Amino acid sequence: RKEVEQDPGPFNVPEGATVAFNCTYSNSASQSFFWYRQDCRKEPKLLMSVYSSGNEDGRFTAQLNRASQYISLLIRDSKLSDSATYLCVVDHQAGTALIFGKGTTLSVSS
Amino acid sequence: DTGVSQDPRHKITKRGQNVTFRCDPISEHNRLYWYRQTLGQGPEFLTYFQNEAQLEKSRLLSDRFSAERPKGSFSTLEIQRTEQGDSAMYLCASSLDAVNYGYTFGSGTRLTVV
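Analysis parameters
Numbering of residues starts from 1 in every chain and runs along the sequence as written. Lettering for chains starts from A, numbering for ligands starts from 1, and both go in the order in which the items are written. Two thresholds apply to this predicted model, a pLDDT of at least 70 for residue-level local features and 80 or more for giving and counting side-chain atom pairs, whereas whole-chain, interface and lining totals are computed over all residues. In computing side-chain values, all of the structure's heavy atoms are included and hydrogens and water are not. In DSSP terms, a helix is any run of H or I states spanning at least four residues, a strand is any run of E spanning at least two, and both are numbered starting from the N terminus. Every radius of gyration here is taken over C-alpha atoms, with the globule rule written as 2.2 Å times N^0.38, N being the number of residues. Relative accessibility under 20% of the residue-type maximum defines a buried residue, over 50% an exposed one, and the middle range a partly exposed one, all with a 1.4 Å probe and only protein chains included. Should any heavy atoms of two residues lie within 4.5 Å, those residues are counted as being in contact. A strand pair is defined by DSSP finding two or more bridges across the two strands. Lines fitted to the C-alpha atoms define the axes, with helices restricted to the stretch that makes contact. Angles between their N-to-C directions range from 0 to 180 degrees. The term buried area means the drop in 1.4 Å probe accessible area that two parts suffer when joined, counted for both and summed. Think of a polar contact as two N or O atoms within 3.5 Å of one another; within protein, one of them needs to be a possible hydrogen donor and the other a possible acceptor, and neighboring residues in sequence only count if both atoms come from side chains. Gly is placed with the polar residues, together with every amino acid not listed as nonpolar (Ala, Val, Leu, Ile, Met, Phe, Trp, Tyr, Cys and Pro) or charged (Asp, Glu, Lys and Arg). When a carboxyl oxygen of Asp or Glu is within 4 Å of a side-chain nitrogen of Lys or Arg, the pair counts as a salt bridge. Two cysteine sulfur atoms form a disulfide, by the criterion used here, when they sit within 2.5 Å. Centres within 6.5 Å make a pair out of two Phe, Tyr or Trp rings, where for Trp the six-membered ring is used; the pair is then stacked when the planes are under 30 degrees apart, edge-to-face when over 60, and tilted otherwise.

Draft legend 1. Region of interest: the overall build of chain A. The helix and strand inventory of chain A stands at zero helices and 11 strands. Taken against the 2.2 N^0.38 rule, which gives 13 Å for 110 residues, the C-alpha radius of gyration of chain A at 13 Å falls within 12% of a compact globule. C-alpha atoms of chain A, sized along the principal axes, occupy 40 × 30 × 20 Å. Taking all 110 residues of chain A together, the buried fraction comes to 47%. For chain A, the proportion of contacts with a sequence separation of at least 24, taken over those separated by at least 6, is 56%.

This is the structure in structure tokens:
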């Protein structure tokens, strides 16, 4: 089983749609969880951390399910500018380097 | 510019040549990471430093690869006897508190081995 698994997509949605991405991780000892956004041929940028109680930042909601070892990202009211690859990121164990999933590609069209 | 800086942005080299990349982290960040990314893949961990100490190396880091951070500030990544399979984006990142705030990445160095 890969350490961090994501559905690569692509997810093609119209503007205004709600879209959700899931990610599973293999190590139950993982402590830190993030979603990064990466635009084509650019570096990854932190979108949001994921906390145990779930957290929201504007149109973006992240949730963590430790029992099932999965993380989700919900994007409401999609904008054209949300088109990007979304990377699920987990630490292998506390204090070690972060492990990135392959990413899920989102394309929002008008 | 207070971000992570990488140099060069692009490098084209012939197979068998050696190349060296440089990364300047955010000045107050004590941890520095190197990742490699190929098309359609997420960034793959290579190695990281806390100050000048190299604390972890991936199995991806073959003996042709070496990284240094001699004074705990900038870092270099050298690839000796490059192979076509080394063609990738090499990303550097730095952090002060990765557990809570993740990393900040540089723009990367795109290596093409011909």
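Draft legend 2. Structural context of the sheet that holds strand β3 (residues 19-25) of chain A. All names here are of chain A. Taken in spatial order, the five strands line up as β1-β3-β8-β7-β6 in an open sheet, and their pairing is antiparallel. Two strands close off the open sheet at either side, each with one partner strand: β1 (4-6) and β6 (55-57). Mean inter-strand twist for the sheet, computed between neighbouring axes without regard to direction, equals 20 degrees.

Draft legend 3. The arrangement of the interface of chain A and chain B in detail. Between chain A and chain B, the contact holds 18 residues from the first and 22 residues from the second. Of the roughly 1600 Å² buried between chain A and chain B, counting both surfaces, carbon and sulfur atoms make up 51%. Between the two partners, chain A and chain B, sit six residue pairs in polar contact (both at pLDDT 80 or more). Of all the secondary-structure elements, those providing two or more residues to the side of chain A that touches chain B are β4 (33-38), β5 (45-49) and β10 (98-100) of chain A. Sort the elements by how many residues they give to the side of chain A that touches chain B and β4(A) lands first, with three residues. Its residues assigned to classes, the side of chain A that touches chain B shows nine nonpolar, six polar and three charged.

Draft legend 4. View of the side chain of Thr109(B). Residues and elements named next belong to chain B. Its location among the elements puts Thr 109 in strand β11 (residues 109-113). Overall, Thr 109 belongs to the buried group, its relative accessible area being 0%. A polar contact is formed between the side chain of Thr 109 and the backbone oxygen of Pro 8, at a distance of 2.5 Å. If we ignore the near neighbours within four places in the chain, the residues touching Thr 109 are Gln 6, Asp 7, Pro 8, Arg 9, Phe 21, Ala 88, Met 89 and Tyr 90.

Draft legend 5. Inspection of the pattern of salt bridges at higher detail. A full pass over the atoms with the stated rule returns seven salt bridges over all chains. The salt bridge partner of Arg37(A) is Asp39(A), with a shortest N-O separation of 2.8 Å. The salt bridge involving Asp24(B) is made with Arg22(B); its shortest N-O contact spans 2.7 Å. Within this structure, Arg64(B), Glu83(B) and Asp86(B) form a network of salt bridges that share partners.

Draft legend 6. Molecular detail of the state of the cysteines. Residue and element names in this part refer to chain A. Applying the stated criterion across every chain yields a total of two disulfides over all chains. The disulfide that involves Cys 23 links it to Cys 88, with 1.9 Å between the sulfurs. The disulfide joining Cys 23 to Cys 88 has a torsion of about -75 degrees about its S-S bond and is therefore left-handed. With Cys 23 in strand β3 and Cys 88 in strand β9 (residues 84-91), the pair connects residues that are 65 residues apart, well separated along the chain. Classification of Cys 88 as buried rests on a relative accessible area of 0%.

Draft legend 7. Representation of the packing of aromatic side chains in the model. Inspection of every chain in the model, using the stated rule, returns 16 aromatic pairs over all chains. Between Phe21(B) and Tyr90(B), the aromatic rings sit 5.4 Å apart at their centres with planes inclined by 45 degrees, giving tilted as the arrangement. With a gap of 69 residues between them, Phe21(B) in strand β3 (residues 19-24) and Tyr90(B) in strand β9 (residues 88-95) connect regions that are remote in the sequence. With respect to class, Phe21(B) is no different from Tyr90(B); both count as buried. Aromatic pair Tyr35(B) and Phe45(B): ring centres 5.7 Å apart, planes at 65 degrees, arrangement edge-to-face. Taken as a pair, Tyr35(B) in strand β4 (residues 31-37) and Phe45(B) in strand β5 (residues 44-50) lie far apart in primary sequence, 10 residues in all. For the pair Tyr35(B) and Phe45(B), a shared accessibility class is recorded, and that class is buried. Chaining the aromatic ring pairs together yields one cluster made of Phe34(A), Tyr36(A), Phe100(A), Tyr33(B), Tyr35(B), Phe45(B), Tyr48(B), Tyr103(B) and Phe105(B).

Draft legend 8. Broad picture of the sheet that holds strand β1 (residues 5-7) of chain B. Residues and elements named next belong to chain B. What the four strands build is an open sheet, ordered β1-β3-β8-β7; its pairing is antiparallel. The sheet is open, and its two borders are formed by β1 and β7 (65-68), each paired with just one other strand. Pairs of neighbouring strands in the sheet enclose a mean axial angle of 15 degrees, with direction left out of account. By the bridge criterion, five bridges tie β3 to strand β8 (residues 75-79) in an arrangement that is antiparallel. The residue of β8 that forms the bridge with Thr 20 is Glu 78.

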